Structures are given as C-alpha cells and as structure tokens.
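Chain residues, written in single-letter form:
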Amino acid sequence: MNNEVLALLISGASKFASELIRYKPIKLDNKPTTMQPTEVVRFTATTPTGNGPRKPTTAETVGQLEGRLLRQMLRLQEDLLEGARINGQACDCLLKHTNEMDITAEELQTMSQKPIYQEIRNWALSHQWPPEVVAEHPPEFFIDMVPELRNLRKGLTEAATPLPKPAEPLQLTTKTEKPELARVRELAGKVKAGELSKEEAVSQIKTMLAGKFST
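Residues numbered from 1 in each chain as written. Predicted model: local features only at pLDDT ≥ 70, side-chain atom pairs only at ≥ 80, totals over all residues. Heavy atoms only, no water.

Draft legend 1. Region of interest: the overall build of the chain. Each helix and strand counted, the chain has nine helices and four strands in total. Starting at the N terminus and walking to the C terminus, you meet the elements of the chain as α-β-α-β-β-α-α-α-α-α-β-α-α. For the chain, with 215 residues in total, the buried portion stands at 29%. For the chain, contacts bridging at least 24 residues in sequence account for 78% of all contacts bridging at least 6. Carbon and sulfur atoms make up 53% of the accessible area of the chain, which totals about 14400 Å². (Helix = DSSP H or I, 4+ residues; strand = E, 2+ residues; numbered from the N terminus. Buried < 20%, exposed > 50% of the residue type's maximum accessible area, 1.4 Å probe, protein only. Contact = heavy atoms within 4.5 Å. Areas by Shrake-Rupley, 256 points an atom, 1.4 Å probe, with all protein chains shown as cover.)

What follows is the structure, encoded as structure tokens:
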C-alpha cells in the first residue's frame, strides 16, 4: 500500500475527528465502554534479550563441530570404499579428508578434552598420504581401512555432545483490526488503484467518523 496515500487519509480523518470531539459534546450513559484496540502485534522472544545477538554456548559449538567431524569421516569412508581412486586413478582424497579431520578434532580439543579427539587426530596424521603414495597400494588396501575408520566414528558418536535444540522463532500474534482503521485501509487501496479520488476518500472517512461521534 502507498504509505503517502494512507498517511494523507489518516491525517485528514484525524483532524476532522479532533474538531468533532472539540466542538461536539459526547453523550455519556451508564453503559460500560468496550475498548476496541487497534492492530497490535506482540513479539514473544524466546531468546535472552540484550545489547546484541546471543553468542553460541560451548556445548552448541562442540555439538556442531562434532557433527562436522562425523561428516568428514563419512566422506573419507566413501572414498576408501572406492579404493582411494577416481575412475581408477589414485586421488588426494585421503590427504584432503584426514587433514580436515585433524583440523576439526584439534579445534574441538580447545573446548573439550574427550580422548576420542586425540585418537582421531593420531589416525588422521598417520594416513595423510598424497596420490603418489596411494598409487603404490592396491584398492583393497584402502578398503581394509574402513573398519578402523568406522570404529573411530562409532567412538565419536557415543561420546558426542547432544546439540541443544534451536530457540523457538519469534511468534507474531495479531489482534483484530479496528473496523474504522480497516475501512481507511480499504479506501486508501482504492485511491491507489485509481478507483477513488483522495477527496472522495476523505469525504467518506469524515462521514464515517461523524456517525461514530454523533449523539
């Protein structure tokens, strides 16, 4: 919706309503007044408030890094099952994945001292073979490494830190819009679409408010 059009209509309507209330007394009776709130949007935040975004906890960081390490080990396992070869040619997959595993496990050691991290590092550092070394061994040699890697992965899974559940997203609760405001929005939409002139829209708003504040 065109904000300038809506602002113009609301401004004109507000001035007219102010004049009505100023010069025309409002009849009071003993009936209770029911307040109809305008559109209200309530934000329910489930994360702590502060001066900036919440930093991840150590447990959250460890859980995510352990998940990354598991994926790196799974990728290496797939390559080992292929004999550390691509289209029959020795590849650098063993060197690449073991290097990634060592770096991730080393980072985890700065936050947690689980023995499995060092076990993974020791294995990774002892298997960082470039393609020329890989080519010296038959594919079956690397396939036989899979049980070792699988046992390490199982040990990491058993010792893994559960990743905390993510915080609930902000929820928006919208109450019923006040009828008069809904009508103003409708008229503004017609003005924008060229179905109604600004003068006609303001006139209709004045008529609506005159009826609301009349005795």
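Draft legend 2. Local environment of the packing of helix α3 (residues 93-109) against helix α4 (residues 115-125). Orientation of α3 relative to α4, taken along the N-to-C sense of each, is 155°, at an axis distance of 9 Å. Between α3 and α4, the angle falls in the class roughly antiparallel. Pair α3 / α4 crosses with left-handed handedness. From α3, T98, M101, D102, A105, E106, L108 and Q109 reach across to α4, where they touch Y117, Q118, I120, R121, W123, A124 and L125. When the residues that make up the contact of α3 with α4 are grouped by side-chain class, the tally is eight nonpolar, three polar and three charged. (Axes fitted to C-alpha atoms, helices over the stretch in contact; angles between N-to-C directions. Parallel < 35°, antiparallel > 145°, perpendicular 65-115°, else oblique. Left-handed = near helix turned anticlockwise from the far one by under 90°. Nonpolar A, V, L, I, M, F, W, Y, C, P; charged D, E, K, R; others polar.)

Draft legend 3. Up close: the packing of aromatic side chains. Counted under the stated rule, the structure contains three aromatic pairs. For the pair W129 and F141, a centre-to-centre distance of 5.7 Å together with 25° between the ring planes defines the contact as stacked. With a gap of twelve residues between them, W129 in the loop between α4 and α5 (131-134) and F141 in helix α6 (residues 139-143) connect regions that are remote in the sequence. The partly exposed category is assigned to F141, whose relative accessible area is 32%. Every member of this aromatic cluster is reached through a ring pair, and the members are W129, F141 and F142. (Phe/Tyr/Trp six-rings, centres within 6.5 Å; stacked < 30°, edge-to-face > 60°.)

Draft legend 4. Quick peek at the pattern of salt bridges. Under the counting rule described, the total for this entry stands at five salt bridges. Residues R121 and D102 are paired through a salt bridge, measuring 2.6 Å at the closest nitrogen-oxygen approach. Highlighted residues: R121 in helix α4 and D102 in helix α3, separated in sequence by 19 residues. Take R121: its relative accessible area is 14%, and that puts it in the buried class. (Salt bridge = Lys/Arg side-chain N within 4 Å of Asp/Glu carboxyl O.)

Draft legend 5. Focus on the nonpolar core. One finds L69, M73, L80, M101, I120, F142 and L156 to be the most contacted residues of the largest nonpolar core, which totals 27 residues. Broken down by secondary-structure element, the contributors of at least two residues to this core are α2 (58-81), α3, α4 and α7 (146-159). If you tally residues by element for this core, the top one is α2, at seven residues. What I120 contacts, discounting residues up to four positions off in sequence, is L69, M73, M101, A105, L152 and L156. Counting residues in each nonpolar core, the second largest holds seven residues, with L187, L196, A201 and L209 among its members. (Core = buried A, V, L, I, M, F, W, Y, C linked by side-chain atoms within 4.5 Å.)

Draft legend 6. Up close: α2. End to end, α2 covers 35 Å across 24 residues, agreeing with the expected 34 Å (1.5 Å per residue, within 8%). As for α2, its buried residues are in contact with α3, α4, α6 and α7. G83 lies just past α2 and shows a positive phi near 75°. (Expected span 1.5 Å × (residues − 1).)

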